[in-house]
Amino acid sequence: MFTSMAPGSPGIHKKRTNIKFFVSLPTPGPDLLSRIDLDELMKKDEPPLNFPKTLEEFEYAFNEQGRLRHTTTGEAYAFNAREDLHRWNQKRYEALGEIITRYVYQLLETKCNLTKEIVPVDATAEEPRSFIYLSADAMSNPTKLLVLIQGCGVVRAGQWARRLIINQDLDSGTQIPFITRAQEEGYGVMVLNPNENHLEVERPAKPAPLPSPEASDEPAEKRERKDDRESKKKRDFYEKYRNPQKESETEQIPIRENGSPEEHVLYVWDHFVSKAAARNVFVVAHSYGGLSLVELMIQREAQVKNRVCAVAMTDSIHNVWHQDANKSIQEWLQQHCRNWVSSPEPLDTPVEPMLSDCPRVSAGTERHELTSWRSFNSIFQFFSEALQTGEEEETSNTVTTRSSHRTKPDHDHNHNDL
């Protein structure tokens, strides 16, 4: 490209310029999608969503160390069993997760000797119901009761984290070590089930509309709109294939008085914990379980303060401000609660508190789901110290009360005897 001659310039100079070319690439549209038979694509690419119903059929088993291993190869569970089929792999993982849930229930009953208690306690045979697990002495132990509250999500009674059970081991992912340790130290045990809140049932399929007899006589504009709708259906179907989601439409029937984790914790307190004989109640609450515990305090403040000796939270997500916990609750948490949080600091190192409630210490891990397991020994030490402090205070109060009721000496009489 040449520049124009400037006045008085001796000649013509060349000027180099950068010329950029912009090319508009086609984007997938209705025409492109219409050439793809997504139904056939699904049939070819994705195997049927039919998965084993037992660990044996899955060809997996827990070894002596409590680690899930393939029975033939000895390898750990592999999520990506089929490359580029995330939805299928996710469904397979969820199917295994349901088997794990039943397996943990079995361990609670056989290894820990816990029994299942139905909630609501007066549930009829026709209504949805849930359950919790109790040790034989949960209601009768006169001294100590341990209550375990998990976080939210797919985990059920006896689990801290499904991911840990599948990818690490039973000790880190289940509540079984807490249960067995508590039983060895003379606690009664209650295992709550705060995420079993509803019965999920499949919605009946809507009947397909009958074809219109005048379909062939539809105006062109109407047919185009119908084609657009069909194209949208195909695109939606394509997205359904790429993004894991439920195959069929379902509806949820809530469990009476247990329709949320907060409702469940309150219900179990009213119908079980408050009626238990133990003078000292101890609570371990992980993640959302801490929020549910604070909500319980808001609803039953006097009862909780009277019965609960200590609360161990693990990476709790409670917030005393957002939950409108009053000052007396915050002060009680400061004295009776400790929160082991995810942190790179060594175990039990104090961590700067975010709010003025319970003290925070490091769980010795930055992984949220591991905080309960990593703080296991520290939690029981914390409970032992809290119990000892409580007993000393009770003894001191008893001595003080007895002293105040003693008959005062008659000084005048004693003086006359001298």
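As shown above, the structure is provided for reference.
Described below are features of the structure shown in this document. (Residues numbered from 1 in each chain as written. Predicted model: local features only at pLDDT ≥ 70, side-chain atom pairs only at ≥ 80, totals over all residues. Heavy atoms only, no water.)

**Side note on a negative patch on the surface**
Worth spelling out the cut-off: Each patch is built from residues lacking any salt bridge and having more than 30% relative accessible area; the joining distance is 9 Å for like charges and 5 Å for nonpolar side chains (Val, Leu, Ile, Met, Phe, Trp, Tyr). Shrake-Rupley sampling with a 1.4 Å probe provides the accessible areas, and residues are treated as covered by the protein chains on show and by no other component. Salt-bridge detection follows one rule: a side-chain nitrogen of Lys or Arg within 4 Å of a carboxyl oxygen of Asp or Glu. For the purpose of charge, His is not counted, nor are the chain termini; Lys and Arg are scored as positive and Asp and Glu as negative. For this purpose, a charge sits on NZ of Lys, CZ of Arg, CG of Asp or CD of Glu. Helix and strand definitions follow DSSP, with helices as H or I runs of at least four residues and strands as E runs of at least two, each counted in order from the N terminus.
Taken together, the side chains of E391, E392, E393 and E394 define an acidic patch exposed on the protein surface. One can find E391 in helix α14 (residues 376–404).

**A closer look at the nonpolar core**
In summary, soluble globular proteins display a tendency toward joint burial of nonpolar side chains. Keep this limit in mind: Among buried residues, the Ala, Val, Leu, Ile, Met, Phe, Trp, Tyr and Cys ones that are joined through side-chain atoms within 4.5 Å form a nonpolar core. Any residue under 20% of the maximum accessible area for its type is buried, any over 50% is exposed, and the rest in between are partly exposed; the area is computed with a 1.4 Å probe on protein chains only. Here, residues are in contact when the closest pair of their heavy atoms is within 4.5 Å.
Membership of the largest hydrophobic core comes to 50 residues, with the highest contact counts inside it found for L108, L146, V284 and F383. In terms of residues, this core owes the most to one element, helix α4 (residues 86–110), which gives 9 residues. Those residues in contact with L108 that lie beyond four places of it in its chain are N113, L114, Y133, A157, G158, I176 and I179.

**Quick word on unusual backbone geometry**
Cis geometry is found at the peptide bond from V119 to P120, where omega equals -5 degrees. Its place among the elements puts P120 in the loop between β3 (115–119) and β4 (130–134). Non-glycine residue D84 carries a positive phi angle of around 60 degrees. The exposure class assigned to D84 is exposed, which follows from its relative accessible area of 68%.

**With respect to the packing of aromatic side chains**
Under the convention used in this document: Aromatic pairing here means that ring centres of Phe, Tyr or Trp (its six-membered ring) are within 6.5 Å. Orientation follows from the plane angle: under 30 degrees is stacked, over 60 is edge-to-face, and everything else is tilted.
Evaluated as defined, the whole model comprises 19 aromatic pairs. Relative to F380, the ring of F178 has its centre 6.0 Å away and its plane inclined at 35 degrees; by these criteria the two rings are tilted. In this pair, F178 sits in helix α7 (residues 176–184) while F380 sits in helix α14, placing the two residues 202 residues apart along the sequence. Arranged with centres 5.4 Å apart and planes meeting at 35 degrees, the rings of W373 and F376 form a pair that is tilted. The exposure class of F376 is buried, given its relative accessible area of 11%. Pairwise contacts between aromatic rings join W160, F178, Y187, F282, W340, W373, F376, F380, F382 and F383 into one cluster.

**Overview of the sheet that holds strand β11 (residues 337–341)**
Selection criterion: Paired strands, as defined in this entry, are two strands with at least two bridges between them according to DSSP.
Reading across from one edge, β3-β4-β6-β5-β9-β10-β11-β13-β12 is the order of the 9 strands in this open sheet, with mixed pairing throughout. Strand pairing shows two members of the sheet lacking a second neighbour, β3 and β12 (350–351), which therefore form its edges. Sheet analysis places strand β9 (residues 280–286) next to strand β10 (residues 308–314), joined by 6 bridges and oriented parallel. Its bridge partner being in β10, V284 is matched across the sheet by A312.

So far we have only geometry, and geometry alone does not tell us how the molecule works.
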